Amino acid sequence: MNETQLTKLIDELEAGHTLTETQWIRLIEGQTEDVQAYAASKAVAVRERIYGRAVYTRGLIEFSNYCRNDCYYCGIRLSNRGAERYRLSEDEILDCAASGYELGFRTFVLQSGEDMYFTDDRMEHIIRRIKEDFNDCAVTLSIGERSRESYLRFREAGADRYLLRHETADESHYGTLHPKEMSYEHRMYCLKTLKETGYQVGCGFMVGSPGQSAATLAKDMKFIEELQPDMVGIGPFIPHHGTPFSGEPQGSVSQTLYLLSLLRLLKPNLLLPATTALGTIDPRGREKGILSGANVVMPNLSPTTVRKKYELYDNKICTGDEAAECRGCLEMRMKSIGYFTVTDRGDPKKE
Ligand code: SAH
């Protein structure tokens, strides 16, 4: 397809038309600087219509890096003997939330490896305490695959949102990123269950993961169109030295930005973070993400003593900064491009 045909597809997407999988492949394969710039300008206009220039912030609390899974891409995978394991106590988690609250955060994202030390009872207790102490805040969980009963219990305890990246919507690609103990089917089951149990749901994938292609990305777009999540987290794949994918090339900044724009056009009111991974491979990655249609940033609230240990990929940024520094830094970065961070729960707006 030539650029005129591609910009026409982008116009159709903007007008709310559904693209076929083949059209998605063409659009993804056809990325050029001009097409990307065109998509970004449309995406920014759509985002401004719904969210203005407000950027939502989420305080990220990485509370454990123990994990029972062995995902080939991830630095905290079970088999990585080089990972120094830690878990925060319940009081430490509450302290992170308290200092985050002081700094103005009204959403806390509790993220960890799949650490079964945090039983349903323990998780429920933590969620209840956060919701009691900070009743104007939203709690997002990002703790992986659990049973329907667990998801229900956490929801009843007050959890509002759940982030579980689908990683890829192509079953055989999923199989090349994960060991056989993990299944595509179960991941999909979890996402469906999370939706049914009333969470605001986030899915997502890494850009440039080994084995990814325009065809698998087109499936991701169709999957997102079908699931209708509230959030989609995407960031470049970055190799970690202690994983089977240590020698694989990292994902590209420009493809990540292009996909952010296309996602904004696919679902105008999406909550779309400019991720830390994007900021890791490009010093102005998060600013560029916002300028491509993203509207969320997730500064880190974890204690500096454990920051470096939650290492999903190499060279992760902001591992030395106090929460307040992270917050200030992002505020300044957003200001530098004419945007501002806001203090509220940051729920999705109606289109
Ligand atoms: N264990 C939880 C959350 C932690 S991992 C869960 O499974 O949901 C959060 C996300 O980080 C993963 O979903 C994955 O998409 C991303 N990630 C992991 N390793 C990465 C890497 N090497 N490069 C970029 N992103 C990575």
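Everything below is about the structure shown above.
Please read these numbers as outputs of a predicted model, since none were measured by experiment.

> Would you mind going over the sheet that holds strand β2 (residues 59-64) in detail, with residue names and values included?
Strand order in this open sheet of six strands is β2-β3-β4-β5-β6-β7, and the pairing throughout is parallel. The two strands at the open ends of the sheet, each matched to only one other strand, are β2 and β7 (231-236). Strand-to-strand twist across the sheet, computed as the mean angle between neighbouring axes with direction ignored, equals 20 degrees. Bridge count between strand β5 (residues 161-163) and strand β6 (residues 200-207): three bridges; the pairing is parallel. Bridging from a neighbouring strand, Leu163 pairs with Gly202 of β6.

> Any details on the pairing of β6? Residues and values, ideally.
For β6, a buried count of eight out of eight residues is recorded, marking the element as mostly surrounded by other parts of the structure. Inspection of the sheet shows β6 paired to β7 by six bridges, in the parallel sense. Bridge pairing in β7 links Cys203 to Val232. Considered for its hand, the β-α-β crossover made up of β6, helix α9 (residues 214-227) and β7 is right-handed.

> Give a description of the site of the ligand that names residues and reports values.
Not every one of the 17 residues close to the ligand is listed here, only the nearest: Tyr73, Ser112, Arg165, Glu167 and Ile238. Between the ligand and Glu167, the relevant distance is 2.5 Å, taken from an oxygen atom to a side-chain nitrogen or oxygen of the residue. For the ligand, whose free accessible area comes to 550 Å², the fraction covered by protein is 92%. Class assignment for the residues of the shell around the ligand results in 10 nonpolar, five polar and two charged.

> Could you give me a rundown of the nonpolar core, with the residues and numbers involved?
Ranked by size, the top nonpolar core spans 111 residues in total, and within it Trp24, Leu27, Ile61 and Leu110 carry the most contacts. A per-element tally of this core places helix α10 (residues 253-266) first, with nine residues. Leu27 has contacts with Leu6, Leu9, Ile10, Leu13, Leu19, Tyr258 and Leu262, leaving out every residue within four places of it along the chain.

> Provide a residue-level description of the packing of aromatic side chains, including the pertinent values.
Counted according to the given criterion, the structure contains 10 aromatic pairs. Ring geometry for Tyr117 versus Phe118: centroids 5.1 Å apart, planes at 85 degrees, classification edge-to-face. Relative accessible area serves as the criterion here: at 3%, Phe118 is assigned to the buried category. Both rings, one in Tyr174 and one in Tyr184, keep their centres 5.8 Å apart while their planes meet at 70 degrees; by these two values the pair is edge-to-face.

> Outline unusual backbone geometry, listing residues and values.
The phi angle at Gln228 is positive, at roughly 55 degrees, despite the residue not being glycine. By relative accessible area, which is 39% here, Gln228 ends up partly exposed.

> Any details on the pairing of strand β4 (residues 138-142)? Residues and values, ideally.
Across the five residues of β4, five count as buried, placing the element largely inside the fold. When strand β3 (residues 107-112) meets β4, the two strands line up parallel, connected through five bridges. Paired with Val109 across the bridge in β4 is Thr140. Handedness of the crossover joining β3 and β4 through helix α5 (residues 120-133): right-handed. Pairing of β4 with β5 involves two bridges; the strand directions are parallel. Among the inter-strand pairings, Leu141 is bridged to a residue of β5, identified as Tyr162. The parallel pair β4 and β5, bridged by helix α6 (residues 148-157), forms a crossover whose chirality is right-handed.

> Tell me about the sheet that holds strand β8 (residues 296-297), and please be specific about residues and values.
Two strands in a sheet stick together by hydrogen bonds in their backbones, pointing the same way (parallel) or opposite ways (antiparallel). Pairing is parallel in the open sheet, where three strands are placed in the order β8-β1-β9. The open sheet is flanked by β8 and β9 (340-342), the only strands paired with a single partner. Where strand β1 (residues 54-57) meets β8, two bridges bridge the pair, whose relative direction is parallel. From the neighbouring strand, Thr57 faces β8, where its bridge partner is Val297.

Each value, and the rule that gives it
- Residues numbered from 1 in each chain as written.
- Predicted model: local features only at pLDDT ≥ 70, side-chain atom pairs only at ≥ 80, totals over all residues.
- Heavy atoms only, no water.
- Pairing = 2+ DSSP bridges.
- Helix = DSSP H or I, 4+ residues; strand = E, 2+ residues; numbered from the N terminus.
- Axes fitted to C-alpha atoms, helices over the stretch in contact; angles between N-to-C directions.
- Buried < 20%, exposed > 50% of the residue type's maximum accessible area, 1.4 Å probe, protein only.
- Right-handed = clockwise from strand over helix to strand, strands pointing away.
- Near = heavy atom within 4 Å.
- Polar contact = N/O pair within 3.5 Å; in protein donor to acceptor, adjacent residues only side chain to side chain.
- Areas by Shrake-Rupley, 256 points an atom, 1.4 Å probe, with all protein chains shown as cover.
- Nonpolar A, V, L, I, M, F, W, Y, C, P; charged D, E, K, R; others polar.
- Core = buried A, V, L, I, M, F, W, Y, C linked by side-chain atoms within 4.5 Å.
- Contact = heavy atoms within 4.5 Å.
- Phe/Tyr/Trp six-rings, centres within 6.5 Å; stacked < 30°, edge-to-face > 60°.

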